[in-house]
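These are the residues of each chain, in order.
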Amino acid sequence: MVFERVGAPLRELELPVPEAAPGQLLLRVHACGICRTDLHLIDGEVEIAAPPRILGHQVVASTVPDGRRVGVAWLGWTCGECSQCRAGRENLCERARFTGRDIDGGFAEYMVADERFCFPLGEDHSDEQTAPLLCAGVIGYRALAMCGDAQRIGFYGFGAAAHILIQVARWQGRDVYAFTRTGDEAAQAFARELGAVWAGSSEEPPPEPLDAAIIFAPLGALVPAALRAVCPAGTVVCGGIHMSDIPAFPYDILWGERSVRSVANLTRGDAREFLGLAPRAHVHTRVHSYPLAAANEALRDLRDGNFTGAAVLIP
Ligand SMILES: [Zn+2]
Ligand SMILES: [Zn+2]
């Protein structure tokens, strides 16, 4: 399923099986998760420099011909030489290439990937259930780590990432407050079912001040809302790759050593740590599977909020 240009649906094409260059693995894709970033790519909010491109960066696959089970995530290649790489921040590599943006990804039957960026996967969960761990899980985990030792954490937007991270946060003994679109009873009920101590509208204040908040929804208006919800020294983490403009807000709500920061991409260390922790935390993903050829329908359902949990394409 190929991206050709901004705003157009993905196109179903028959392509030759790609050939692995030295240092790459040929992979047969078993499942590939859909991420909100895929919508940002299709909408042109995050640029694809050299289309056509096969999207998809939450890949569960097996190596060809030896059948090892591996995962591929958003970080597809880093230079290892720039100042960020040398400082241990490969997620910020100046020359990074990202799967499904700069390199063909997993909305396909076969793909190739740099073997240094393929993660061995255990057999704890099915392919479908594992796929959303690779972006929603790993990058969400990086955002959760930025909340430090916060006890009460607000999640703004309760989609694929939040439904995974609430399970980790609960396992760590934290309290999660879930904020959704006004009237989204299904998402609020889902959050309560997964152990949220409170679920309500993002237009409401939480019942008590929070220690930190993660904004998963791409809405800049949530930044001042979250700042108002956190107590002094609280952190607000913006978890998405794109966000609408943040409205002006009074300095008052930032005062008190509150901070706002973003989380960008992932390191291989984040992936190894989270993929090792997910089975111990008994993370169980709720997935909606679609055949690969129904990618456009799955993307539309994500855009319209037609399901709770995560969407996965199955070749
Ligand atoms: Zn993603
Ligand atoms: Zn670099």
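Residues numbered from 1 in each chain as written. Chains lettered and ligands numbered in written order. Predicted model: local features only at pLDDT ≥ 70, side-chain atom pairs only at ≥ 80, totals over all residues.

A.B. asks: Sorry if this is basic, but what is going on with the environment of A96 here?
C.D. replies: Mapped onto the fold, A96 is located in the loop between α2 (83-86) and β7 (97-98). Spatially, the C-alpha atom of A96 lies 5.6 Å from that of W77, the residues being 19 residues apart in sequence. Sequence-distant contacts of A96, defined by excluding residues within four places in its chain, comprise L75, W77 and T78. (Helix = DSSP H or I, 4+ residues; strand = E, 2+ residues; numbered from the N terminus. Contact = placed C-beta atoms within 7 Å.)

A.B. asks: Would you mind going over the domain arrangement of the protein chain with me for this structure?
C.D. replies: A common way to express how large an interface is: the accessible area buried when the components associate. Partitioning the protein chain into domains gives domain 1 (2-134 + 265-314) and domain 2 (147-262). Spacing between the C-alpha centres of domain 1 and domain 2 amounts to 26 Å. Looking at the side of domain 1 that touches domain 2, its residues break down into 6 nonpolar, 6 polar and 3 charged. (Domains from an automatic or database assignment. Nonpolar A, V, L, I, M, F, W, Y, C, P; charged D, E, K, R; others polar.)

A.B. asks: In this structure, what is going on with the nonpolar core? I would like to understand it.
C.D. replies: Grouped burial of nonpolar side chains is what soluble globular proteins tend to show. Formed by 98 residues in total, the largest nonpolar core has its most connected members in F155, A213, I215 and A226. Looking at this core, the element that brings in the most residues is helix α5 (residues 160-171), giving 8 residues. For this core, the domains that each give at least three residues are domain 1 (2-134 + 265-314) and domain 2 (147-262). (Core = buried A, V, L, I, M, F, W, Y, C linked by C-beta atoms within 7 Å. Buried ≥ 20, exposed ≤ 12 C-beta atoms within 10 Å, placed from the backbone.)

A.B. asks: Before we go on, may I ask you to explain unusual backbone geometry in this structure?
C.D. replies: Both trends apply: most residues other than glycine have a negative phi, and most peptide bonds are in trans. For the bond from P51 to P52, the omega torsion is 0 degrees, close enough to zero to count as cis. Backbone geometry places E257, a non-glycine residue, at a positive phi of 60 degrees. Position of E257 relative to the elements: it lies in the loop between β14 (230-238) and β15 (259-262). Residues other than glycine seldom take positive phi values, yet H282 does so here, at roughly 55 degrees. Topologically, H282 is positioned in the loop between α8 (268-280) and β16 (287-291).

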